[in-house]
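One-letter residues, chain by chain:
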There are 4 protein chains.
Amino acid sequence: CVFILSMRSMASKTPVGFVGLGNMGSPMAKNLLKNGYPVIATDVFPESCKELQETGAQVVDSPAEVAEKADRIITMLPSSPNVKEVYTGPNGILKKVKKGTLLIDSSTIDPAVSKEMAIAAEKMGAVFMDAPVSGGVGAANMAKLTFMVGGVEEEYHAAQELLTCMGANVVYCGQVGTGQAAKICNNMLLAIGMIGTAETMNLGIRLGLDPKLLAKILNMSSGRCWSSDTYNPVPGVMEGVPSANNYQGGFGTTLMAKDLGLAQTTATNTKTPIPLGSLAHQIFRVMCSRGYANKDFSSVFQFLREEEGQ
Amino acid sequence: CVFILSMRSMASKTPVGFVGLGNMGSPMAKNLLKNGYPVIATDVFPESCKELQETGAQVVDSPAEVAEKADRIITMLPSSPNVKEVYTGPNGILKKVKKGTLLIDSSTIDPAVSKEMAIAAEKMGAVFMDAPVSGGVGAANMAKLTFMVGGVEEEYHAAQELLTCMGANVVYCGQVGTGQAAKICNNMLLAIGMIGTAETMNLGIRLGLDPKLLAKILNMSSGRCWSSDTYNPVPGVMEGVPSANNYQGGFGTTLMAKDLGLAQTTATNTKTPIPLGSLAHQIFRVMCSRGYANKDFSSVFQFLREEEGQ
Amino acid sequence: CVFILSMRSMASKTPVGFVGLGNMGSPMAKNLLKNGYPVIATDVFPESCKELQETGAQVVDSPAEVAEKADRIITMLPSSPNVKEVYTGPNGILKKVKKGTLLIDSSTIDPAVSKEMAIAAEKMGAVFMDAPVSGGVGAANMAKLTFMVGGVEEEYHAAQELLTCMGANVVYCGQVGTGQAAKICNNMLLAIGMIGTAETMNLGIRLGLDPKLLAKILNMSSGRCWSSDTYNPVPGVMEGVPSANNYQGGFGTTLMAKDLGLAQTTATNTKTPIPLGSLAHQIFRVMCSRGYANKDFSSVFQFLREEEGQ
Amino acid sequence: CVFILSMRSMASKTPVGFVGLGNMGSPMAKNLLKNGYPVIATDVFPESCKELQETGAQVVDSPAEVAEKADRIITMLPSSPNVKEVYTGPNGILKKVKKGTLLIDSSTIDPAVSKEMAIAAEKMGAVFMDAPVSGGVGAANMAKLTFMVGGVEEEYHAAQELLTCMGANVVYCGQVGTGQAAKICNNMLLAIGMIGTAETMNLGIRLGLDPKLLAKILNMSSGRCWSSDTYNPVPGVMEGVPSANNYQGGFGTTLMAKDLGLAQTTATNTKTPIPLGSLAHQIFRVMCSRGYANKDFSSVFQFLREEEGQ
């Protein structure tokens, strides 16, 4: 096995498989092409395939076929059931995977599913790593994503070779599933910090403080956080952030609600109390049902404010 | 009135009154003495008075007597009722206050009470400002406190002259009560960030992440906050913080619960929703009833962890 | 004093004072008139006074004047500051109150304020009792209110004589302030039960259960509560409740938010943790800012439901 | 298929299979024996099997073997993974199940897993129903359980025949999974009502109310719920409940936390906001980590109370 793996590691610029050509996957695959890697790709939507084909990728019909033709495969899919289907479904990667193949899943999913996939891959002689990203479509286009990678350490360098074509930071987190864990943890704390900042700014404004001054005070004090100093949710405090643009762009509330759902599920399964994380989840969930699903998650400031005319 | 006020402003090194010689007030008064100001002080506890007397202060019997002898007075008291008593009680400052006296209250209290005191002071021809501090006993000793000041802007420089003897930062926040507002807002966001960090670190550890690595990832990402990068609640992640010393020292859970009580009261009175702030309040309140009252508030990490042997 | 009090108790059908002729106070005063008591009334709105005058009451200019003419006075006011003003303000009851007068406050306020008023009344030789009501305008009209009474037990019967003219149930709760405490406690548990019922019904419906069947199952099981079996928030489950009438009528969300604010304040002041009560408060507060202020509080079901078209 | 099914339905007093002989399953199986049904049973713990064998059951080695010998099988297992293993594992029921067999699962699990099992059973020509119970070991012994049944309506009567031997109430809830849904919903509302009652009683006591009187007032008012009127969590208010016996017996906090975990998972999966349900889950989870795992869940009253000596 060591021999097979090292053969593959040396085989730079041999074809790389790519499954999942959505808003994120498509620019990621293009960045592999730009770096000189032949790409063999597939997606359930023919439109997405066609677009990538025009950029130079070879398009095939199924994940299984990708696995026949590439011994390094990246997957970027919306959620756990899609990952299960693409790996272990009837036309899945593991139906045709070659021994020693490196499988890198950049989807954000339950780490328990990552572990399942790793075990299933190992049975076929392949190696599975989870490598979810932070950064949105803009970062994907500019190859500025951050990858958080979980899996056997010996394979990390082989993964890094590909991931650096698509991202600015690649962080090794530990065993399989810890990449997901790191992403979920970061986003849970981000969600808590954002709602906390929105509540705090709103309270301060009602108590007579100028919002810019309040932000300045928080940012030089122990209330400081990323949501207060880099992505402030109050219109007028900062430029170039979604709050300055009616909460368009950025990271949608529905996506944050999804990640908090994963945080909740992993916390429930590991019997970990997350009181603020749970409440943050519920708040973004209610927002989704009140028309905020597609606004940036910092619109929680708007959601909590008193309506005009009250 | 302008004339009287400007006389007082010029009167540097004339006596300064000080009411409230507790853990914070005592070192603050000493720093005024060190800066060459005669201090006329009082406190309900004779022991506290005696100690300051030995350092050179003149001790008198009541706040009213302080007001007779000083036209700049600083108060540092535990809570709203004490402030009401010291200003408007039968032996209170306002019974004997001279026209033009500058009254600076550094207690952390409800901003509505600050406004009441300001109105009462104004009726007597005096000026009241709120100037609560951040920083604990250590910062008070080393004259490194931060003062957040609310009150009429014309008086701010007169206040600043004294406050800089006791603190490293003096921030003007706006009208009376906004100093309190700024402090309450900061501490509410701090509390939310700390519990959020504790939950997140605990979840990450249970999911197999190394705590130092997780802290590093959060601190380079959008989960970053003061509690994760400067005051991490997980033993072993940082040195020189309470989590490295069994949660001794620092900012007691009971004090944080008090400040969150103020945040809750001001939010209730202004009809401001603070879902995470409210829950943070409740969590620290439960901790107080479970034996954590005098531990640093970062001990919420310990509170949320599963017990050994479960 | 015993002598004076017993004189007053015997003095049935002597005039009764009434301060506060709003939606609740007006029908309550009318019920006293119907029972043969002369009523001497006042209110800050002349319109309200005029209407009651037409029903036979004598209208005077101030609470102080009411106190001059009646030795039993009932007050029904919106909130704590109004109560303070009416009792201890410059034209307040206590300015002219006669020794031995019985003062019954039916407002829903902070029990700490009730205690303050009781002390102030005692100094004037009068007796203050708190007697907040449950039941809305309909119950007030039909003399079907429930009164929860706090105050010295010896005076309870004198209070009961009047309260039974306006209510169907009069419950003695203990020392001054316990009437308020009982009302606040009941409404907090009601709020929690209502939100809990709304969440539960919504979850069950999404999981495929028929709402009527689910309500039936809950009501024969340990999930049973007043909100599930008497005031179900799901349209179509019950008749004659606000959920059957687009959440009109009933108990407005803004009134529930006010009562939860009192619960929060008393809990903060007594250092009592109320995690669900606090969160319920925040939810109704958010609802008020999202357009639900004047709908019945059971509209929380509607608030939590997913929007059409999502 | 209709023919096969009706044959089985007529076949009363033919053997009934039973898998899972724990605290609940064992007395349930005994009640089938008492009603004259031969029982063919298995469990992973030989001790449990031995005990039932002595009562007259035939013990076999695996769920598959049970399926060979019985065309009506009841399963009572701790959690979703056990149910998957017993039905679809290598020695599982579905390996040997006969066409037309009626499979009744009384475990409390995720309704999504119930649906999976129903589909897997249908592929083998068998019928799966979920029938979780409410009521504890005492009710199981006395055949006083309540069964909430989900599955095809035509099979309900066949299931009812067996379930009435073990329970006092059998309620048909709808399609497969709705039995679980009903149980989860009930227990979520129960959990909310219990914590709400504990908070409310604690607050009332601190405000000076006698606990028995407060319970009486709540129970005649809109705060009434099962936890206040049937299972009050405050020692001294009622007899014959766990709060009267140091919170021993009853329904363990860890079991409630498990059910709330299921509620959370189904809510997350159906994107249903459950703010109070989530917080209740977190509170019981924290209690489990603070030493309350095996106390009755009404011990939340004790958990929230201030400690002696504070």
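Residues numbered from 1 in each chain as written. Chains lettered and ligands numbered in written order. Predicted model: local features only at pLDDT ≥ 70, side-chain atom pairs only at ≥ 80, totals over all residues. Heavy atoms only, no water.

Turning our eyes to something else, we now look at helix α6 (residues 111-123) of chain C. Residues and elements named next belong to chain C. Taking 1.5 Å of rise per residue, the 13 residues of α6 would be expected to cover 18 Å, and the 19 Å separating its terminal C-alpha atoms lies within 8% of that figure. Within α6, burial applies to P111, V113, S114, M117, A118 and A121. Taken around the axis of α6, the buried residues stretch over an arc of 150 degrees, which confines them to a single face. Relative to its buried face, α6 has exposed residues pointing more than 90 degrees away, namely I119 and K123. (Helix = DSSP H or I, 4+ residues; strand = E, 2+ residues; numbered from the N terminus. Expected span 1.5 Å × (residues − 1). Buried < 20%, exposed > 50% of the residue type's maximum accessible area, 1.4 Å probe, protein only. Arc of directions from axis to C-beta.)

Let us now look at the relation of the copies chain B and chain A. Aligned on chain A, chain B shows an RMSD of 0.1 Å; the corresponding rotation is 180 degrees and the shift along the axis is 0.0 Å. What the superposition gives is, in effect, a two-fold axis relating one chain to the other. When each C-alpha of chain B is compared by its distance to the rotation axis, C225(B) comes out closest, at 2.0 Å. Both copies present the same face, since 100% of the interface residues in chain B are matched by interface residues at the equivalent positions in chain A. (Least-squares fit on C-alpha atoms with pLDDT ≥ 70 in both. Contact = heavy atoms within 4.5 Å.)

When we look at burial in helix α5 (residues 80-88) of chain C, the residues that qualify are S80(C), V83(C), V86(C) and Y87(C). Down the axis of α5(C), the buried side of the element spans an arc of 130 degrees, and every buried residue falls inside it.

Let's shift gears to the UniProt feature "active site" (unreviewed entry) in chain A. Residues and elements named next belong to chain A. The UniProt feature table records "active site" (unreviewed entry) at K183. Inspection of the secondary structure assignment puts K183 in helix α10 (residues 178-206). Once residues within four sequence positions are removed from consideration, K183 is found in contact with T108, P132, V133, M148 and D259. (UniProt positions renumbered as here; feature names shortened; annotations may be inferred.)

Tallying the contact residues gives 15 residues for chain D and 15 residues for chain B. Interface area, chain D with chain B, both sides summed: about 1,100 Å², of which 48% is carbon and sulfur. Between the two partners, chain D and chain B, sit 0 salt bridges. At the boundary of chain D and chain B, one finds 4 residue pairs in polar contact (both at pLDDT 80 or more). (Buried area = accessible area lost by both parts, 1.4 Å probe. Salt bridge = Lys/Arg side-chain N within 4 Å of Asp/Glu carboxyl O. Polar contact = N/O pair within 3.5 Å; in protein donor to acceptor, adjacent residues only side chain to side chain.)

Glancing now at the domain arrangement of chain A. Residues and elements named next belong to chain A. Taken domain by domain, chain A comprises domain 1 (2-175) and domain 2 (182-304). Relative to domain 2, the C-alpha centre of domain 1 lies at a distance of 31 Å. Contact residues are listed per partner, giving 9 residues for domain 1 and 9 residues for domain 2. A buried area of about 710 Å², summed over both sides, lies between domain 1 and domain 2, and 68% of it is on carbon and sulfur atoms. Taken together, domain 1 and domain 2 are joined by 0 salt bridges. Here the side of domain 1 that touches domain 2 is composed, by residue class, of 7 nonpolar, 1 polar and 1 charged. (Domains from an automatic or database assignment. Nonpolar A, V, L, I, M, F, W, Y, C, P; charged D, E, K, R; others polar.)

Moving on, we get to the interface of chain B and chain A. On the side of chain A, 56 residues touch chain B, which itself brings 56 residues to the contact. A buried area of about 4,900 Å², summed over both sides, lies between chain B and chain A, and 70% of it is on carbon and sulfur atoms. Of all residues in chain B, the largest losses of buried area upon contact with chain A belong to L189(B), L207(B) and L276(B), amounting jointly to 14% of the total for that side. Taken together, the connections running from chain B to chain A amount to 2 salt bridges. When the shortest N-O distance is used, the salt bridge between R224(A) and D229(B) registers 3.0 Å. Counting across the interface, chain B meets chain A through 18 residue pairs in polar contact (both at pLDDT 80 or more).

What follows deals with the nonpolar core. Ranked by size, the top nonpolar core spans 212 residues in total, and within it F284(A), F284(B), F284(C) and F284(D) carry the most contacts. Not counting the four nearest positions on each side in its chain, F284(A) is found in contact with A191(A), I195(A), T253(A), M256(A), A257(A), L260(A), F297(A) and V300(A). (Core = buried A, V, L, I, M, F, W, Y, C linked by side-chain atoms within 4.5 Å.)

Its identity as a non-glycine residue notwithstanding, A143(B) has a phi of 55 degrees, on the positive side. Mapping A143(B) onto the fold places it in the loop between α8 (137-141) and β8 (145-150). At K271(C), a residue that is not glycine, the phi angle is positive and equals roughly 55 degrees. Using a relative accessible area of 45% as the deciding quantity, one classes K271(C) as partly exposed.

Residues and elements named next belong to chain D. A two-sided burial pattern is seen for strand β5 (residues 102-105), the buried positions comprising L102 and I104 on one face and L103 and D105 on the other. Read from strand β4 (residues 72-75) through helix α5 (residues 80-88) to β5, the crossover connection turns out right-handed. After leaving β5, the chain enters helix α6 (residues 111-123) and then returns to the sheet as strand β6 (residues 127-130), a path that is right-handed. (Right-handed = clockwise from strand over helix to strand, strands pointing away.)

Residue and element names in this part refer to chain B. Taking burial as the measure, the 8 residues of strand β9 (residues 167-174) include 6 buried ones, the bulk of the element. For β8 and β9, the ladder comprises 6 bridges, and the chain directions are parallel. Each residue of the ladder has a partner; that of F147, found in β9, is V170. In this view, the connection linking β8 to its parallel neighbour β9 by way of helix α9 (residues 156-163) has right-handed handedness. (Pairing = 2+ DSSP bridges.)

Those places that UniProt annotates as "domain: 3-hydroxyisobutyrate dehydrogenase-like NAD-binding" (unreviewed entry) correspond, in this numbering, to residues 177-303 of chain A. Annotated as residues 177-303 of chain A, this span is 64% helix and 0% strand, and its ends, taken at the C-alpha atoms, are 34 Å apart.

Now for the relation of the copies chain D and chain B. You can overlay chain D on chain B at an RMSD of 0.1 Å; the transform is a turn of 180 degrees with a shift of 0.0 Å along its axis. When the interface residues of chain D are mapped onto chain B, 100% of them are again interface residues, pointing to one common binding face.

Time to look at the environment of G22(B). All names here are of chain B. You can see G22 is positioned in the loop between β1 (16-19) and α2 (25-34). Judged by its relative accessible area of 38%, G22 falls in the partly exposed class. Sequence separation between G22 and S48 is 26 residues; the distance between their C-alpha atoms is 6.9 Å. Sequence-distant contacts of G22, defined by excluding residues within four places in its chain, comprise P27 and D43.

With that settled, consider the side chain of K183(C). Salt bridges are absent for the buried K183(C), whose nearest opposite-charge side chain, D259(C), sits at 4.2 Å. A distance of 2.8 Å separates the side chain of K183(C) from the side chain of T108(C), its partner in a polar contact. (Lys, Arg positive; Asp, Glu negative; His and termini not counted.)

Moving on: the packing of aromatic side chains. This model, assessed by the stated rule, comprises 28 aromatic pairs over all chains. Plain terms: the ring middles of Y231(B) and F297(B) are 5.8 Å apart, the flat faces sit at 35 degrees to each other, and that makes the pair tilted. A residue pair is termed long-range when its members are at least 10 positions apart, and Y231(B) in the loop between α12 (226-229) and α13 (253-269) and F297(B) in the loop between α14 (275-292) and α15 (300-304) qualify at 66 residues. By relative accessible area, which is 12% here, Y231(B) ends up buried. What links up through ring pairs into an aromatic cluster is the set W226(A), Y231(A), F251(A), F284(A) and F297(A). The residue whose ring lies beneath K13(B) is Y37(B), and the NZ or CZ to ring-centre distance is 4.6 Å. (Phe/Tyr/Trp six-rings, centres within 6.5 Å; stacked < 30°, edge-to-face > 60°. Lys NZ or Arg CZ within 6 Å of the ring centre and 35° of its normal.)

On to the packing of helix α10 (residues 178-206) of chain B against α14(B), then. All names here are of chain B. Across the interface, α10 lies against α14 with an axial gap of 9 Å and an inter-helix angle of 70 degrees. What the angle tells us is that α10 and α14 run roughly perpendicular. Across the interface between the two elements, M188, A191, I192 and I195 from α10 touch L276, G277, A280, I283 and F284 from α14. Residue composition of the contact of α10 with α14, grouped by class: 8 nonpolar, 1 polar and no charged. (Axes fitted to C-alpha atoms, helices over the stretch in contact; angles between N-to-C directions. Parallel < 35°, antiparallel > 145°, perpendicular 65-115°, else oblique.)

This part takes up the pattern of salt bridges. For the coordinates displayed, the defined rule picks out 20 salt bridges over all chains. With its nearest N and O atoms 3.2 Å apart, the salt bridge here joins E161(C) to R72(C). Separated by 89 residues along the polypeptide, E161(C) in helix α8 (residues 156-163) and R72(C) in strand β4 (residues 72-75) bring together distant segments of the chain. Between K96(D) and E68(D) there is a salt bridge, with the nearest N and O atoms lying 3.7 Å from each other. Separated by 28 residues along the polypeptide, K96(D) in the loop between α5 and β5 and E68(D) in helix α4 (residues 63-69) bring together distant segments of the chain. Looking at K96(D), the relative accessible area reads 42%, which means it is partly exposed.

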